[in-house]
Amino acid sequence: MQINSFRLEIITKAVCGKGRKFSTVSHTVTPPHRPTSILGAWVINHQYEAVRSGDGIEVVGSYDINIWYSYNKNSQTDVAKETVSYVENIPLSYVDPKHRASTEEVSAESTQEPNCIEANISSSGSSVVVRVEREFSVEMIAETKVCVAVVPGGCDDFDGKDKYGYDDGDGSFEDLDPDLLDDEL
């Protein structure tokens, strides 16, 4: 059976750019009392949004750093709190050159929430240096052109035959594992 098809370009919304970035940053928090020892440190109240910027996406956000510390020769404790703002520029590893820039929508996902991995009293002894790690994944969605094969009469005209021209008739695809995902390679 001869099936005549033709190609057509359509415009659709698609993921036209992606990026990911892991970072470790240091913040200095100065408590109201000179710390003797650090009893705990944690990050809470994380908020962020994504904006398009140059060749990438900027994640603009803030979080609170809380430090539980002792002072006065370990005789008293207190919690110091500081709100930290940040801008993380995440480059896009791929950008579809045919996307329509006027239709761009960007989003970010915190794949690892900001987390305190270390807190130490500074060399001056009056502040605490906190190391925080965080990771973001970003996407840019926009309108782009896609080329599709069009078969007059619809897909039912194929009647179970190979629709995409991949099967050369020798059964070479019978041994493929359909549950194998690209992520597992």
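Cut-offs applied
Residues numbered from 1 in each chain as written. Predicted model: local features only at pLDDT ≥ 70, side-chain atom pairs only at ≥ 80, totals over all residues. Heavy atoms only, no water. Helix = DSSP H or I, 4+ residues; strand = E, 2+ residues; numbered from the N terminus. Buried < 20%, exposed > 50% of the residue type's maximum accessible area, 1.4 Å probe, protein only. Contact = heavy atoms within 4.5 Å. Areas by Shrake-Rupley, 256 points an atom, 1.4 Å probe, with all protein chains shown as cover. Salt bridge = Lys/Arg side-chain N within 4 Å of Asp/Glu carboxyl O. Core = buried A, V, L, I, M, F, W, Y, C linked by side-chain atoms within 4.5 Å. Pairing = 2+ DSSP bridges. Phe/Tyr/Trp six-rings, centres within 6.5 Å; stacked < 30°, edge-to-face > 60°. Lys NZ or Arg CZ within 6 Å of the ring centre and 35° of its normal. Axes fitted to C-alpha atoms, helices over the stretch in contact; angles between N-to-C directions.

A few words on the overall build of the chain. Counting secondary structure elements, the chain contains zero helices and seven strands. Classification of the 185 residues of the chain by burial places 29% in the buried group. Residue pairs in contact within the chain that sit at least 24 positions apart in sequence constitute 75% of those at least 6 positions apart. When the accessible surface of the chain is summed, it comes to about 12,100 Å², and 46% of that surface belongs to carbon and sulfur atoms.

Before going further, it helps to examine the pattern of salt bridges. This model, assessed by the stated rule, comprises 10 salt bridges. A salt bridge links Lys13 to Glu105; the shortest N-O distance between them is 2.5 Å. Remark: Glu105 occurs in strand E6 (residues 105-121) and Lys13 occurs in strand E1 (residues 6-29); sequence separation between them is 92 residues. Residue class for Lys13 comes out partly exposed when judged on its relative accessible area of 47%. Connected via shared salt-bridge partners are Lys21, Glu88 and Arg134.

Once that is clear, we can look at the nonpolar core. Ranked by size, the top nonpolar core spans 25 residues in total, and within it Tyr63, Ile65, Ile67 and Val130 carry the most contacts. At the level of elements, E1, strand E2 (35-53), strand E3 (56-71), strand E4 (76-91), E6 and strand E7 (128-150) are the ones that each hand at least two residues to this core. Those residues in contact with Ile67, other than ones at most four positions away along the chain, are Val29, Ile38, Gly40, Ala41, Asp78, Val79, Ala80, Val128 and Val130.

Strand order in this open sheet of four strands is E5-E1-E7-E6, and the pairing throughout is antiparallel. If you trace the sheet from one side to the other, it starts and ends with strand E5 (94-95) and E6, each paired once. As defined by bridge partners, E1 adjoins E7 across 23 bridges and the pair is classed as antiparallel. From the neighbouring strand, Arg7 faces E7, where its bridge partner is Ala149.

According to the stated counting rule, one finds four aromatic pairs in the structure shown. By the ring-pair criterion, three or more aromatic residues cluster together here, those being Tyr48, Tyr63, Tyr86 and Phe136. In this arrangement the basic side chain of Arg134 is found over the ring face of Tyr86, its NZ or CZ atom lying 4.2 Å from the centre.

This part covers the sheet that holds E3. Judged by pairing direction, the sheet is antiparallel, and its three strands sit side by side in the order E2-E3-E4 without closing on themselves. At either end of the open sheet lies a strand with only one pairing partner, and these are E2 and E4. Strand-to-strand, the axes of this sheet are offset by a mean angle of 15 degrees, without reference to chain direction. Here 16 bridges tie E3 to E4, and the two strands are oriented antiparallel to one another. For Glu58, the partnering residue across the bridge sits in E4 and is Asn89.

Among the structural elements, Ser26 can be located in strand E1. Along the chain, Ser26 and Ala119 lie 93 residues apart, while their C-alpha atoms are 9.4 Å from each other. Excluding anything up to four places from it in sequence, Ser26 contacts Val129, Val130 and Arg131.

Another point: the pairing of E2. Sheet faces and side chains relate simply in a regular strand, where the side chains alternate between the two faces. Of the pairings in the sheet, the one linking E2 to E3 comprises 15 bridges and is antiparallel in character. Its bridge partner being in E3, Val51 is matched across the sheet by Glu58.

Here we come to unusual backbone geometry. In this structure, Asn72 is a non-glycine residue whose phi angle is positive, near 55 degrees. Counting through the fold element by element, Asn72 comes out in the loop between E3 and E4. The partly exposed category is assigned to Asn72, whose relative accessible area is 48%. In this structure, Asn74 is a non-glycine residue whose phi angle is positive, near 60 degrees. As for its placement among the helices and strands, Asn74 is situated in the loop between E3 and E4.

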